[in-house]
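# What the coordinates show
Residue-level listing of the chains:
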Amino acid sequence: MHPHPAYLQRALLYLTAVCLTLSFLLGVHIFLSPRFLNHFVFRVKQPLRYIEYWRSGYRVQNINCVLSGVEKDFAFDDITRLDVPDNSIFFLETSCTHADGVELTLRQACSIESAAMMNPGVQVYVVVIASVRNRTRNPLIDRLYEYQNVHIVQVDLGRYFQNTPLHGFYTQDAILTSLWPLSHMSDLLRYVTLYKYGGTYLDLDFIVIKSLESLHNYAGAESSSVVAAGVIHLDKDHWLSGAALRELRDNFKTTEWGANGPGVLTRLLKAECKPQSYAHNIISCRNFTIYPPRFFYPVHWEHWADYLNETNAPATMSLFRDSYALHVWNSFTKRVPVKLGSEQPYAQIARRYCPRVSNLAGEQF
């Protein structure tokens with residue numbers, strides 16, 4: 001006995017209704033998922049991003065390497081699978097443009113060489129977040145590898161963010177809500193690095209002129225009111241590393257360029273230490289030291305051209321007596337050549353503290 005056609009028709013309609021309902025609910029679930037919404041916000045904000053980049057002189061960059069779930073090629077060791085020694089030094093190269101081989105600028109290499117030369121007993125890691133297909137060597141990389149303590153590594157960001165307060169932030173691609181995703185990812189990664197390993201984080205436009213090995217748990221102020229994030233040391237499990245990640249998780253600023261780097265340190269330390277001014281005195285609070293500008297930021301960013309001015313070179317060089325490292329503001333100084341045979345302060349520093357890179361560069365970089 002065959003089923004009546006009317007029953008078959010009702011069953012078919014029922015199954016169709018169930019499928020449509022499930023599809024609708026799945027679509028709603030996907031649309032309302034944080035990761036989908038963050039990608040949607042990224043598209044909505046893209047015109048604002050172009051306006052901000054045009055206004056500030058930044059160029060639009062590929063950001064694929066900062067997204068979760070993106071497959072990467074690894075030509076170098078993954079730092080998450082290495083036994084990283086305590087008190088190491090870390091540089092982060094956060095552009096997504098190294099697919100055919102790691103390419104560093106001469107000035108970035110100068111920073112790395114200075115750190116390796118002045119801290120021979122410390123391992124120096126250059127952490128590249130991009131996918132790299134080829135381990136092609138070039139003369140600049142070869143110069144850096146002449147220092148036995150220099151290591152170029154890559155990173156699996158999924159593993160890097162695991163077991164940190166920012167794991168959900170990363171897996172949901174919340175970085176896409178930022179107007180400055182690469183810059184803000186760099187901010188996040190410096191704090192994640194110190195949370196996982198401890199040690200010293202350095203921007204790639206710092207030139208180290210004294211050993212940092214004896215310094216622990218510190219940062220430098222760049223003005224009387226701002227604690228900068230270009231150089232930070234934290235011992236592993238220091239209270240400030242966890243506090244910084246929780247502050248980023250709970251109060252991530254999507255539209256303010258500096259709010260997630262120096263802003264995090266400044267906010268946390270202001271709440272804990274309640275300083276009146278960072279201008280002159282070394283301030284210690286809760287096992288953390290804030291050095292006044294002359295130690296790491298002796299030339300304020302508004303006076304970046306002093307690094308390239310031969311006329312005032314003696315006065316500028318005199319500012320470095322107490323300094324351990326110099327922030328040379330490459331986002332500004334890159335506009336002007338460093339003539340390595342000149343008396344420009346930048347040239348004098350480079351000849352002394354990154355001699356191998358300077359010799360390779362020739363007349364200027």
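Presented here is an overview of the structure given in this document. (Residues numbered from 1 in each chain as written. Predicted model: local features only at pLDDT ≥ 70, side-chain atom pairs only at ≥ 80, totals over all residues. Heavy atoms only, no water.)

At their nearest, the axes of helix α3 (residues 106–118) and helix α12 (residues 345–353) sit 9 Å apart, and the two run at 50° to each other. In terms of axis orientation, α3 runs oblique to α12. Here α3 runs over α12; the crossing is left-handed. For the pair formed by α3 and α12, the contact residues are Arg107, Cys110, Glu113, Ser114, Met117 and Met118 on the first element and Tyr346, Ala350, Arg352 and Tyr353 on the second. Considered class by class, the residues forming the contact of α3 with α12 number six nonpolar, one polar and three charged. (Axes fitted to C-alpha atoms, helices over the stretch in contact; angles between N-to-C directions. Helix = DSSP H or I, 4+ residues; strand = E, 2+ residues; numbered from the N terminus. Parallel < 35°, antiparallel > 145°, perpendicular 65-115°, else oblique. Left-handed = near helix turned anticlockwise from the far one by under 90°. Contact = heavy atoms within 4.5 Å. Nonpolar A, V, L, I, M, F, W, Y, C, P; charged D, E, K, R; others polar.)

A separate point is the nonpolar core. Core analysis: the biggest nonpolar cluster contains 58 residues, and Ile112, Leu202, Phe296 and Tyr307 have the highest contact counts within it. When residues of this core are assigned to domains, at least three map to each of domain 2 (64–295) and domain 3 (301–361). Sequence-distant contacts of Ile112, defined by excluding residues within four places in its chain, comprise Phe91, Leu104, Val124, Val126, Leu144, Val150 and Leu204. One finds Val66, Val227, Leu240 and Ile290 within the second-largest nonpolar core, a separate group that totals 54 residues. (Core = buried A, V, L, I, M, F, W, Y, C linked by side-chain atoms within 4.5 Å. Buried < 20%, exposed > 50% of the residue type's maximum accessible area, 1.4 Å probe, protein only. Domains from an automatic or database assignment.)

Time to look at the environment of Val124. Structurally, Val124 can be placed in strand β2 (residues 124–128). Judged by relative accessible area, Val124 falls into the buried class, the value being 0%. On a C-alpha basis, the gap between Val124 and Ile152 in space is 8.5 Å, while along the polypeptide they are 28 residues apart. With near-sequence residues (within four places) excluded, Val124 lies in contact with Ile89, Phe91, Ile112, Ala115, Ala116, Asn149, Val150 and His151.

This part is about the pairing of strand β6 (residues 218–221). Bridge count for β6 against strand β7 (residues 227–234) is three bridges, and the pairing is antiparallel. Paired with Ala221 across the strands is Val227, a residue of β7. Where β6 folds back on β7, the antiparallel hairpin that results is connected by five residues. In this sheet, strand β9 (residues 289–291) lies alongside β6 in parallel orientation, the contact comprising three bridges. Residue pairing across strands places Gly220 opposite Tyr291, the latter belonging to β9. (Pairing = 2+ DSSP bridges.)

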